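# Structure assessment
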Amino acid sequence: MSLRRLWAVARKEFLHVRRDARSLGMGIAMPVLLLCLFGWALTLDVDRVPLVVWDQCGSQSSRDLAAELAGSRYFALRGRAGSYAEIERAIDRREALGALVIPPDFDRRLWTGRGAPVQLIVDGSDANTATIASGYAQAAVRGYSQGVVLREIRRAGLRPPAPPLDPRARVWFNEDLTGRNYIIPGLIAVIMMVIAALLTALTVAREWERGTMEQLVSTPLKGPELVLGKLLPYFAIGMFDVLLAVLMGAFLFGVPMRGSLALLFAMAAVFLAGALSLGMLFSIVTRSQLLASQMAMVLTFLPAFLLSGLMYAIPNMPAGIRAVTYLVPARYFVHLLRGIYLKGVGLEVLAPEAALLAAFSAAMIALAMRKFRKKLT
Amino acid sequence: MFERVWRMMVKEFLQVLRNPRMVGVIFVAPMIQLVVFGYAATTDVRRVTTAVRDLDNTPESRELVERFVRSGYFLVAERAGDDARVRWLLDRGQAQLALCLDEGFGADLRGGRTARLQLIVDGTDSNTAAVVLGYAGRITGDYSGQVLAEGLARAAGAWQPPGGVELRARSWFNENLESRNFYVPGVVATITMLVTLILTSMAVVREREIGTMEQLMVTPISAAEFIAGKTLPFALIGVGDAVLIVLVGTLWFGVPLRGSLVLLFGSLLVFLTVALGVGLFISTLCQTQQQAMMSTFFFFFPAILLSGFMFPIANMPEPVQWLTYLDPLRYFLVIIRGVFLKGAGLAVLWPQIAALGVMGAAVFTLAAGRIRKTLA
């Protein structure tokens with residue numbers, strides 16, 4: 001391998017990149033856009049669930065119960081309903097996500113030992129929101145219920161007993177449970193996978209489609225030199241994107257960085273080399289820009305987004321899918337990034353993931369070099 | 001004219017389908033998304049790995065641990081001996097929750113004093129952590145409530161305290177709260193959009209990049225015929241993907257289809273005009289396939305993320321919510337979920353369909369105008 005030839009390819013590719021300012025601009029704007037969306041706009045947290053109330057009782061206590069729910073930050077009362085048909089209409093028009101139905105005998109039954117049932121109807125189409133919303137409603141109703149019971153005990157002249165259990169919950173690593181602290185580090189991995197594949201998936205196929213590959217074939221250039229030379233400029237863009245993401249995470253979103261920055265960038269470089277080679281591999285194997293872009297989409301973005309644990313926690317997946325996630329390199333990098341960012345742990349804990357990531361990258365680079373044939377067919 | 005459109009369509013089909021790998025990709029992509037969203041995309045929390053550090057080891061402390069296990073949400077990963085071990089397990093992610101009971105827990109509980117316990121949650125995944133805390137709160141609350149009720153019964157004697165309020169939650173449209181019933185219909189929207197966008201935008205740009213556009217320009221083909229030839233084949237592929245997803249979604253994943261198929265596919269056609277129009281429009285802005293691919297994703301990523309496909313629109317900040325009105329996916333998702341889960345009809349869904357129609361007409365006119373200029 002000659003460094004001079006490798007450098008010549010890198011320079012040629014770099015000129016290509018510089019000439020196509022639009023693609024370069026998008027390669028940098030895309031991470032910024034994704035980080036901003038996830039940092040500010042997108043959240044799976046649930047609050048201010050719009051609710052309508054069908055109060056068939058109309059007593060002081062039923063109004064208190066409705067007010068208890070309305071007072072919590074998780075619900076917003078959006079008016080009243082007078083029948084199930086009205087509730088259905090409100091949900092169909094998406095004016096409400098649920099309804100609280102208080103039966104006519106609520107007040108009467110509340111003061112007897114039997115207890116008073118009330119009904120919560122939720123629009124289950126969005127299962128996640130519905131589950132969380134009914135959890136909140138349970139907690140709010142339990143709070144109201146305990147208040148009523150304690151008041152009655154005092155009124156009966158009894159001393160309310162001490163609460164038997166006092167659970168103290170402590171959250172480690174992400175003390176105020178900010179979704180952003182969880183998403184942003186993992187997102188860096190996914191962004192790099194996407195950008196890397198977008199940048200390199202077309203580079204080799206383009207030369208084949210336009211016929212410039214024939215010119216390259218006639219030079220003394222060797223396969224590995226071409227592959228590595230083409231990787232270099234995109235590697236530089238990718239590392240710039242990492243730097244940008246780390247800076248935005250720290251200064252714009254205030255994500256705590258507790259581990260070693262050096263380790264972070266080292267692992268990013270390893271992952272990026274593998275991801276770029278994977279993109280180039282598509283290009284080498286398909287020799288068609290359209291096909292390479294589709295393969296990059298199906299085999300890199302989707303798994304990186306959905307199976308890396310970025311948004312859906314891997315332990316909750318069924319066993320078959322969990323097995324598949326071990327084949328998604330982004331999985332290891334997401335884990336590494338979260339460990340470094342939030343737990344501040346180093347290689348002593350993260351060594352297995354780091355080793356697997358290195359193995360992935362080495363395999364991809366070797367495969368891209370092997371598969372590249374300097375031959376016209 | 002039909003003759004020429006037909007020839008153009010045949011050419012496009014041949015170009016796409018000539019490559020057997022391309023055929024694979026067109027049908028594998030929806031399958032992968034279906035499997036992921038049918039099985040993997042779940043925010044349910046189960047099998048929470050739990051470290052138990054019980055220094056008390058009395059019947060009461062064991063009863064509490066037993067209640068965690070019996071709930072079905074928690075798996076005891078290890079019985080840790082001390083705090084250092086708890087830290088070790090949490091650091092390595094081998095436990096998501098630690099349940100710490102100190103000596104004297106059982107004695108306090110028996111003696112009518114408040115017994116303390118500590119729960120340590122790994123907050124890295126804030127969503128899971130919030131749910132875990134909710135489960136743990138319910139379990140300790142139930143245990144506490146039971147002990148309290150026993151104490152009260154002894155103290156109150158004949159007087160009976162009120163029973164309190166009991167909430168019975170019922171879910172409409174998706175009775176068992178299955179995540180897949182929410183996601184799988186949405187896959188129809190995302191996949192048809194993605195496939196048609198990429199195919200259209202790259203098909204036009206490819207002619208320009210490899211120089212065959214000149215050859216097309218010297219043929220008698222008109223701009224309208226060119227556009228029809230460049231969009232209809234991909235619309236057909238999009239509809240094919242949609243049929244596939246609907247079949248697999250209902251037959252394999254058991255997603256209920258309560259509304260009208262005619263409405264579903266009718267609105268899909270309206271939606272496809274928007275997707276094809278955007279694809280054409282992108283193609284008029286780009287010189288190379290690289291640019292076309294990047295521009296497509298530049299449009300597609302925000303479109304998916306802001307559509308309500310995964311993240312509820314109601315939770316977004318107000319200005320971003322306004323932005324989502326520009327997202328065609330947003331309207332189509334409401335239609336498709338309404339038809340699948342709620343059996344909604346035209347009476348409820350017409351504003352969404354109208355919005356898509358207006359968008360489609362606007363973007364198509366815009367793109368066609370620009371293409372006419374390049375061809376003329």
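Throughout, a residue's number is its position along its own chain's written sequence, starting from 1. As they are written, the chains are lettered A onward and the ligands numbered 1 onward, keeping that order. With the structure being a predicted model, the display of local features is reserved for residues of pLDDT at least 70 and the display and counting of side-chain atom pairs for 80 or more, all residues being used for whole-chain, interface and lining totals.

### Re the overall build of chain A
Helix and strand counts for chain A stand at 15 helices and five strands. By the compact-globule yardstick of 21 Å for 377 residues, chain A is too spread out, its C-alpha radius of gyration being 29 Å. Each of the three principal axes of chain A carries a C-alpha extent, and together these read 95 × 45 × 40 Å. Per-residue burial over chain A gives 48% buried out of 377 residues. Numbered from the N terminus, helices here are DSSP runs of H or I no shorter than four residues, and strands are runs of E no shorter than two. This radius of gyration counts C-alpha atoms alone. The globule rule is 2.2 Å times how many residues there are, raised to the power 0.38. Neighbour density around each residue's C-beta defines its exposure: 20 or more other C-beta atoms within 10 Å make it buried, 12 or fewer make it exposed, and counts between make it partly exposed, where C-beta atoms are placed from the backbone.

### Re the overall build of chain B
Of the regular secondary structure elements, chain B holds 14 helices and five strands. For chain B, the C-alpha radius of gyration of 29 Å lies well beyond 21 Å, the compact-globule estimate for 376 residues. Based on the C-alpha atoms only, the size of chain B along its principal axes is roughly 95 × 50 × 40 Å. Relative to its full complement of 376 residues, chain B shows a buried share of 48%.

### Examining the sheet that holds strand 2 (residues 74-79) of chain B
For two strands to count as paired, DSSP must find a minimum of two bridges between them. Strand order in the open sheet made by the five strands is 5(A)-4(B)-3(B)-1(B)-2(B), with mixed pairing throughout. Each edge of the sheet is formed by a strand with only one pairing partner; in this case those strands are strand 5 (165-172) of chain A together with strand 2 of chain B. Taken pair by pair, the neighbouring strands of this sheet meet at an average axis angle of 25°, ignoring direction. As judged from the four bridges shared by strand 3 (residues 97-101) of chain B and strand 4 (residues 115-122) of chain B, these two strands associate in the antiparallel manner. Along strand 4 of chain B, the bridge assignment pairs B:Leu97 with B:Val121. What counts as a contact is two residues whose backbone-derived C-beta atoms lie within 7 Å of each other. Throughout, an axis means a line fitted to C-alpha atoms (over the contacting stretch in the case of helices), and angles, computed between N-to-C directions, take values from 0 to 180 degrees. Most of the contacts of helix 3 (residues 59-70) of chain B go to strand 1 (residues 48-54) of chain B, to which it runs at about 175°, and overall it touches strand 1, strand 2 and strand 3 of chain B.

### Description of the domain arrangement of chain B
Looking at the assigned domains, one finds that chain B contains domain 1 (48-156) and domain 2 (178-375). Relative to domain 2 of chain B, the C-alpha centre of domain 1 of chain B lies at a distance of 50 Å. Boundaries of every domain are those given by an automatic assignment or by a domain database.

### Here we look at the confidence of the model for chain B
Residue and element names in this part refer to chain B. On a scale of 0 to 100, pLDDT captures the predictor's confidence in every residue. Summarising the model, chain B shows a mean pLDDT of 86, and 97% of its residues fall at 70 or more. Predicted confidence in chain B is weakest over strand 5 (residues 165-172), with a mean pLDDT of 77, and strongest over helix 10 (residues 261-285), with 93. The complex model carries a pTM of 0.82, and its ipTM stands at 0.80.

### Quick word on unusual backbone geometry
Residues and elements named next belong to chain A. Unusually for a residue other than glycine, Arg94 sits at a positive phi of about 60°. With respect to the helices and strands, Arg94 occurs in the loop between helix 4 (84-92) and strand 3 (98-102). By C-beta crowding, Arg94 is classed as partly exposed, having 15 other C-beta atoms within 10 Å. Despite not being glycine, Arg287 has its phi angle at roughly 55°, a positive value. Mapped onto the fold, Arg287 is located in the loop between helix 11 (261-286) and helix 12 (289-306).

### What about the domain arrangement of chain A?
Domains assigned within chain A are domain 1 (3-42 + 174-371) and domain 2 (49-155). One C-alpha centre belongs to domain 1 of chain A, the other to domain 2 of chain A, and the line joining them spans 48 Å.

### A few points about the pairing of strand 3 of chain B
Residues and elements named next belong to chain B. Within strand 3, five of the five residues are buried, which leaves it mostly tucked inside the rest of the structure. Burial along strand 3 is two-sided: the face carrying Leu97, Leu99 and Leu101 and the face carrying Ala98 and Cys100 are both buried. Here five bridges tie strand 1 to strand 3, and the two strands are oriented parallel to one another. Bridging across to strand 3, Thr50 finds its partner in Leu97.

### Description of the interface of chain B and chain A
Facing 102 residues of chain B, the contacting portion of chain A comprises 102 residues. Of all the secondary structure elements, the ones that give two or more residues to the side of chain B that touches chain A are helix 2 (20-40), helix 4 (83-91), strand 4, helix 6 (126-156), strand 5, helix 7 (179-210), helix 11 (289-305) and helix 13 (328-342) of chain B. Considering each element in turn, the side of chain B that touches chain A owes the most residues, 17 residues, to helix 6 of chain B. Note on residue classes: Ala, Val, Leu, Ile, Met, Phe, Trp, Tyr, Cys and Pro are nonpolar, Asp, Glu, Lys and Arg are charged, and everything else, Gly too, is polar. A per-class count over the side of chain B that touches chain A returns 56 nonpolar, 28 polar and 18 charged. Of the pairings in the sheet, the one linking strand 5 of chain A to strand 4 of chain B comprises eight bridges and is parallel in character. Among the inter-strand pairings, A:Leu165 is bridged to a residue of strand 4 of chain B, identified as B:Ala115.

### Brief notes about the sheet that holds strand 1 (residues 49-55) of chain A
Spatially, five strands are ordered 2(A)-1(A)-3(A)-4(A)-5(B) in an open sheet, and the strand pairing comes out mixed. On the outer flanks of this sheet lie strand 2 (75-80) of chain A together with strand 5 of chain B, each paired with one strand and no other. Neighbour to neighbour, the strand axes of the sheet diverge by 25° on average, direction disregarded. Set on the sheet, helix 6 (residues 127-155) of chain A makes contact with strand 1, strand 3 and strand 4 (116-123) of chain A together with strand 5 of chain B; between it and strand 5 of chain B the angle comes to about 165°.

### Things to note about the nonpolar core
Ranked by internal contacts, the top residues of the largest apolar core, which has 209 residues, are A:Ala99 and A:Met192. With 17 residues, the single largest contributor to this core is helix 7 of chain B. The contacts of A:Met192, once residues within four sequence positions are left out, are A:Gly238, A:Asp241, A:Val242, A:Ala268, A:Phe271, A:Leu272 and A:Ala275. Joined through C-beta atoms within 7 Å, a set of buried Ala, Val, Leu, Ile, Met, Phe, Trp, Tyr and Cys residues constitutes a nonpolar core. Counting 31 residues, the second-largest nonpolar core is a separate cluster that includes B:Val45, B:Val48, B:Phe68 and B:Leu90.

### Points about the packing of helix 1 (residues 2-17) of chain B against helix 9 (residues 223-251) of chain B
All names here are of chain B. Where helix 1 meets helix 9, the closest approach of the two axes is 8 Å, and the angle between their N-to-C directions is 40°. By the criterion of interaxial angle, the relationship of helix 1 to helix 9 is oblique. In this structure, helix 1 crosses over helix 9, and the sense of that crossing is right-handed. Along its contact with helix 1, which presents Arg4, Val5, Met8, Met9, Glu12 and Phe13, the element helix 9 presents Glu225, Phe226, Ala228, Gly229, Lys230, Leu232 and Pro233. Of the residues contributing to the contact of helix 1 with helix 9, the split by class is eight nonpolar, one polar and four charged. For classification purposes, an angle smaller than 35 degrees is called roughly parallel, one larger than 145 roughly antiparallel, one from 65 to 115 roughly perpendicular, and anything else oblique. For any pair of crossing helices, the crossing counts as left-handed if the nearer helix is rotated counterclockwise from the farther one by less than a right angle, and right-handed if it is rotated clockwise.

### Details of helix 7 (residues 179-200) of chain A
Residue and element names in this part refer to chain A. Here the expected length of a helix is defined as 1.5 Å per residue gap, with one fewer gap than residues. With 22 residues, helix 7 extends 32 Å from end C-alpha to end C-alpha; this agrees with the ideal 32 Å at 1.5 Å per step. Values of bend correspond, residue by residue, to the angle between axes fitted over the seven residues ending at that residue and the seven starting there. A maximum bend of about 30° is found in helix 7 at Leu187. In terms of residue burial, helix 7 counts as a mostly covered element, since 20 of its 22 residues are buried.

### Comments concerning the environment of A:Leu231
Among the secondary structure elements, A:Leu231 is positioned in helix 10 (residues 223-252). C-alpha of A:Leu231 to C-alpha of A:Ala10: the two residues are 221 residues apart in sequence and 7.6 Å apart in space.

### With respect to the pairing of strand 2 of chain A
Residue and element names in this part refer to chain A. When strand 1 meets strand 2, the two strands line up parallel, connected through four bridges. In the sheet register, Val53 faces strand 2, and the bridge partner there is Arg80. A crossover counts as right-handed when, viewed with the strands pointing away from the observer, the path leading from the first strand over the helix to the second turns clockwise. Note that the unit made of strand 1, helix 3 (residues 60-71) and strand 2 has a crossover that is right-handed.

### Re the environment of B:Ala136
Among the structural elements, B:Ala136 can be located in helix 6. On a C-alpha basis, the gap between B:Ala136 and B:Ala228 in space is 60 Å, while along the polypeptide they are 92 residues apart.

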